[in-house]
Protein chains: 2
Amino acid sequence: MKSEISTGRYEDSVLERNESKMINAMDKLIDKIKETNNPTVIGLDPRYEMIPECIRNKYAENLEGVAKAIVEFNKALIDEIYDVIPAVKPNVAFYEMYGLQGMKAFEETCKYAKEKGMIVIADIKRGDIGSTAKAYSNAFLGKTKIGEKEESIYDVDFVTLNPYLGIDGIKPFIEDCEKYGKGVFIIDKTSNPSSGELQDLKLETGEEVYTKVAKLVEEWGKDLRGEYGYSSISTVVGATYPKQLQDLRKVAPHTFFLIPGYGAQGGKAEDIALGFDENGIGGIVNSSRGLMCAYKSDLWKDKYTEEKFAKATRAEAIRMRDELNSAIKKRG
Amino acid sequence: MKSEISTGRYEDSVLERNESKMINAMDKLIDKIKETNNPTVIGLDPRYEMIPECIRNKYAENLEGVAKAIVEFNKALIDEIYDVIPAVKPNVAFYEMYGLQGMKAFEETCKYAKEKGMIVIADIKRGDIGSTAKAYSNAFLGKTKIGEKEESIYDVDFVTLNPYLGIDGIKPFIEDCEKYGKGVFIIDKTSNPSSGELQDLKLETGEEVYTKVAKLVEEWGKDLRGEYGYSSISTVVGATYPKQLQDLRKVAPHTFFLIPGYGAQGGKAEDIALGFDENGIGGIVNSSRGLMCAYKSDLWKDKYTEEKFAKATRAEAIRMRDELNSAIKKRG
């Protein structure tokens with residue numbers, strides 16, 4: 001495990017490692033967080049209504065036009081933030097709702113973010129059994145076999161998964177994580193109001209379902225721990241449940257947290273800091289609308305015109321970064 | 001609630017109802033099961049390797065070629081079975097693994113099955129929160145808004161969902177079920193070996209997680225019960241767990257079961273019968289490989305050449321239908 005805080009760029013830290021070994025995806029993500037000094041992921045969840053009119057007006061009001069507008073919007077955001085935010089998290093739902101054209105926009109968005117050196121987390125929350133989980137893993141992390149050939153489809157760095165089917169639904173992904181240096185975030189305690197309906201149920205052992213899931217994920221991920229001690233097999237824990245975030249940091253010390261729920265949903269920086277360890281690592285915080293639509297927010301709308309929407313996102317990214325880092329530092 | 005067994009075609013039973021009311025999706029499915037006298041759904045999960053060579057050889061060995069081969073294979077199967085099997089269940093994973101071309105094949109498959117009068121269950125097992133669940137529901141059950149216009153994307157009859165996020169992840173679908181006469185199957189006790197890891201956990205109340213989920217689904221679906229007493233908001237319960245199937249029939253009397261796990265996975269007709277009620281309704285049984293690849297099975301491979309693959313599927317569909325009906329009758 002690394003004890004010092006690396007200040008070098010990702011490429012430097014790679015050189016320190018055994019080159020013959022596949023780079024651990026969680027090490028890659030943590031290196032990138034250190035490089036940008038920012039534990040933030042931007043959720044790229046573009047609905048047509050939130051795209052600035054200066055882009056929307058260029059395209060026809062149909063599925064093809066929307067998809068083109070989404071790609072232009074996402075690329076403009078990525079161009080402006082790739083040096084200050086380490087990762088993007090497109091939620092596939094917001095592309096799938098625009099049909100095949102939307103999925104093309106998803107594919108182009110992932111590709112462009114990777115080209116710019118960002119880590120890509122596809123928020124797909126898939127959960128299915130054995131051979132079906134394998135098919136999903138082929139699509140997003142691994143490769144699809146066609147006769148003797150193999151094709152990469154979306155080839156992202158991480159996906160989100162659902163634990164409800166047990167290890168059968170996770171194992172095919174773990175195998176691809178090992179083979180291709182990828183990672184997964186398994187939803188554990190989600191940020192939404194009704195997340196407790198199942199996740200908070202008390203078991204006869206006295207622990208909650210989400211605690212049990214965290215323990216299962218620690219176990220499932222034990223062979224994929226990287227140099228920082230965190231596993232590529234990690235979890236999603238919402239910023240809106242600070243007590244759970246704090247408890248789970250202890251229950252699952254090798255499990256990195258993808259933390260949604262900051263901002264609009266109510267999660268505060270000081271709550272989020274509870275999910276980080278004494279070295280100031282252990283989590284990455286998602287903001288979707290807060291970053292994408294910064295140009296519409298009370299804080300930035302007077303400083304940036306709609307045409308400067310990407311500059312507003314950059315300003316908000318820097319504000320959010322400083323707020324998070326300050327809270328994490330105070331805690332440590 | 002209907003007490004007599006309807007023998008008429010679907011169109012007749014529609015006429016008996018209040019025409020101004022949206023037809024309940026579960027009534028529509030049960031009518032179709034009665035019309036074909038077959039509680040079977042064919043899982044259309046085509047992997048390249050399982051498509052007969054006589055089709056594969058026509059197309060290039062690339063993503064576009066695979067997608068075309070899948071569509072030809074699926075259409076040939078549908079042509080041969082649409083009068084004996086009421087519903088198709090394509091699992092989107094097996095299309096997504098072939099990228100955008102694969103999703104195009106998924107779209108064409110759903111459209112073709114609907115044209116032939118079959119009920120389409122998209123096996124997507126989605127589970128996400130509020131606005132994201134709404135985006136998925138737009139894609140599969142409802143419509144997507146673009147400015148003042150609305151577009152149908154996949155427009156299937158049912159989807160499968162995951163309950164792990166609670167009602168927040170289900171409600172947007174329920175609203176579209178009401179608005180568009182659609183339905184959902186929420187996974188409860190799945191057919192895979194490790195399904196118990198979470199689903200069988202004992203709660204402090206003494207009941208298992210899957211029992212709790214069944215009770216939640218009964219509650220969530222109470223306003224969408226149709227004329228047979230079953231709700232359009234129903235569940236998935238595996239044939240491989242007969243005790244649970246029997247228990248859940250009592251716990252959730254208004255919940256229809258989509259039952260996977262017949263055949264290769266080990267579920268037997270007499271086990272499956274436990275999920276049906278005294279009127280011989282209450283479930284629909286999935287077979288994927290057993291039906292799609294009947295032409296390769298010991299039972300049919302000597303009777304049908306590979307070119308007659310669809311006839312083998314029809315023969316197996318009739319054999320399976322008779323086996324299921326006999327077991328359900330014996331129980332009743």
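Everything that follows concerns the structure shown earlier in this document.
The rules behind each value
- Residues numbered from 1 in each chain as written.
- Chains lettered and ligands numbered in written order.
- Predicted model: local features only at pLDDT ≥ 70, side-chain atom pairs only at ≥ 80, totals over all residues.
- Heavy atoms only, no water.
- Least-squares fit on C-alpha atoms with pLDDT ≥ 70 in both.
- Contact = heavy atoms within 4.5 Å.
- Helix = DSSP H or I, 4+ residues; strand = E, 2+ residues; numbered from the N terminus.
- Polar contact = N/O pair within 3.5 Å; in protein donor to acceptor, adjacent residues only side chain to side chain.
- Buried < 20%, exposed > 50% of the residue type's maximum accessible area, 1.4 Å probe, protein only.
- Buried area = accessible area lost by both parts, 1.4 Å probe.
- Salt bridge = Lys/Arg side-chain N within 4 Å of Asp/Glu carboxyl O.
- Nonpolar A, V, L, I, M, F, W, Y, C, P; charged D, E, K, R; others polar.

A. A look at the relation of the copies chain A and chain B. Taken as rigid bodies, chain A and chain B are interconverted by a rotation of 180° and an axial shift of 0.0 Å, the fit giving an RMSD of 0.0 Å. Those values place the two copies in the arrangement expected of a two-fold rotation axis. Both copies contact each other with a shared surface, as 100% of the interface residues of chain A are interface residues in chain B too.

B. Expanded view of the environment of Asn192(B). The topology assignment puts Asn192(B) in the loop between strand 7 (183-189) and helix 9 (196-199). For the pair Asn192(B) and Ala139(B), spaced 53 residues apart in sequence, the C-alpha to C-alpha distance is 28 Å. What Asn192(B) contacts, discounting residues up to four positions off in sequence, is Ile129(A), Leu165(A), Asp168(A), Tyr241(B) and Gln265(B). Within the structure, the side chain of Asn192(B) is placed 2.6 Å from the side chain of Thr190(B), a separation counted as a polar contact.

C. Quick peek at unusual backbone geometry. Residues other than glycine seldom take positive phi values, yet Lys125(A) does so here, at roughly 45°. Mapped onto the fold, Lys125(A) is located in strand 3 (residues 119-126). The backbone phi angle of Asp155(B) is positive, close to 50°, even though this residue is not glycine. For Asp155(B), a relative accessible area of 24% puts it in the partly exposed group.

D. Spotlight on the interface of chain A and chain B. On the chain B side, the residues contacting the 71 residues of chain A number 71 residues. Interface area for chain A against chain B, summed over the two sides, is near 5,700 Å², with a carbon-plus-sulfur share of 61%. By the criterion of area lost to chain B, the three top residues of chain A are Glu96(A), Leu100(A) and Tyr164(A), representing 14% of everything that side buries. On inspection of chain A and its partner chain B, the count reaches 4 salt bridges. Lys125(A) is the partner of Asp128(B) in a salt bridge, and the nearest nitrogen-oxygen pair spans 2.9 Å. Where chain A meets chain B, there are 29 residue pairs in polar contact (both at pLDDT 80 or more). Examining the composition of the side of chain A that touches chain B, we find that 7 residues originate from one element, helix 7 (residues 130-140) of chain A, more than from any other. Of the residues in the side of chain A that touches chain B, the class split is 33 nonpolar, 18 polar and 20 charged.

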